[in-house]
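Summary of structural features
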Amino acid sequence: MVNQKGLASYCQDCGRCVADTGNHSSDDRLIEIIVDEVVRSLTGSSKPLQPGHDLPVIPLGVSNRHCHITQATLEKLFGVGTQLKKYRDLYQPGEFAAEQMVTIIGSKMRAIQNVRILGPIRNYDQIELSLTDAITIGIHPPVRNSGDLKGAAPLTWVGPKGSVYFEECAIIANRHVHFSTEVAQQFGVEAGDFIKVRIGGIKGTVFENVLVRVKDGWKMQIHLDTDDANAANVRCETGVEFYGKM
Ligand SMILES: [Zn+2]
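Residues numbered from 1 in each chain as written. Predicted model: local features only at pLDDT ≥ 70, side-chain atom pairs only at ≥ 80, totals over all residues.

Next up on the list: the pairing of strand β4 (residues 96–105). Relative to β4, strand β3 (residues 86–89) runs antiparallel, the two being bridged by three bridges. Note that in β4 the partner of Lys86 across the bridge is Ala98. Here β3 folds back onto β4, and the loop between the two strands holds six residues, one of which, Gly94, carries a positive phi near 90°. Across six bridges, β4 lies against strand β5 (residues 111–119) in antiparallel orientation. Within β5, the residue paired with Ile105 across the bridge is Ala111. Where β4 hands over to β5, the hairpin turn is made up of five residues, of which Met109 adopts a positive phi near 65°. Strand direction decides the pairing type here: β4 and strand β8 (residues 153–159), joined by three bridges, are antiparallel. Paired with Ile105 across the two strands is Thr156, which belongs to β8. (Pairing = 2+ DSSP bridges. Helix = DSSP H or I, 4+ residues; strand = E, 2+ residues; numbered from the N terminus.)

It is worth spelling out the sheet that holds strand β10 (residues 176–179) at this point. One closed barrel accounts for six strands, arranged β1-β13-β10-β12-β11-β14; its pairing is mixed. The average angle at which neighbouring strand axes cross in this sheet is 45°, direction not considered. Both strand β11 (residues 194–199) and strand β14 (residues 239–245) contribute to a ladder of three bridges, which runs antiparallel. Each residue of the ladder has a partner; that of Val197, found in β14, is Phe242. (Axes fitted to C-alpha atoms, helices over the stretch in contact; angles between N-to-C directions.)

Quick look at the structure:
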């Protein structure tokens, strides 16, 4: 069995940060943020990219592998009558990381343990992985928006009381940003648009094809998976710059 930890530190919604099962002290986190900011200012990357734009930076949430689950599947894996138990609130109101975690097994019998369930209960069963995770267990998931599971990769989910095989459940989540309607207007974008964003620092990177998602009440946040965050050498609590529409 592989009990992997990603390289980034995880904190947020969709699995970000909280899905990590390791400990990461807040002092360490603070030091890293300060170091990042020093590097950013030394390399000049804190300068605005698009002269004249005064849009706020978008807080980053790094998405570790995680799953969304139906009540029926939860009961198959954890026993009849099981409810999701809250482990921690996530950044977006109403969303939470659950105490329960599953093991996932690919067709080559390679497994990843401790994949965190994120609540509340959904009306579909979905695993969101990084490409690195997918390679580890030997599957080929497509890059998709959450909930779009046609053609998703197969996996077996295992819990303490049972297991379920899903022919289509695993995806690599699209990069996406969460905006409220007001903030989307401020950025001049709409739901379904794709934007570019830039992350500064020693491994500064521009990410393309970031899907704009809009819902009233959402807090502004961009979600990248651990592969993307590791590529840019960043962790949660980094500010990401809007770099224009695609
Ligand atoms: Zn998200």
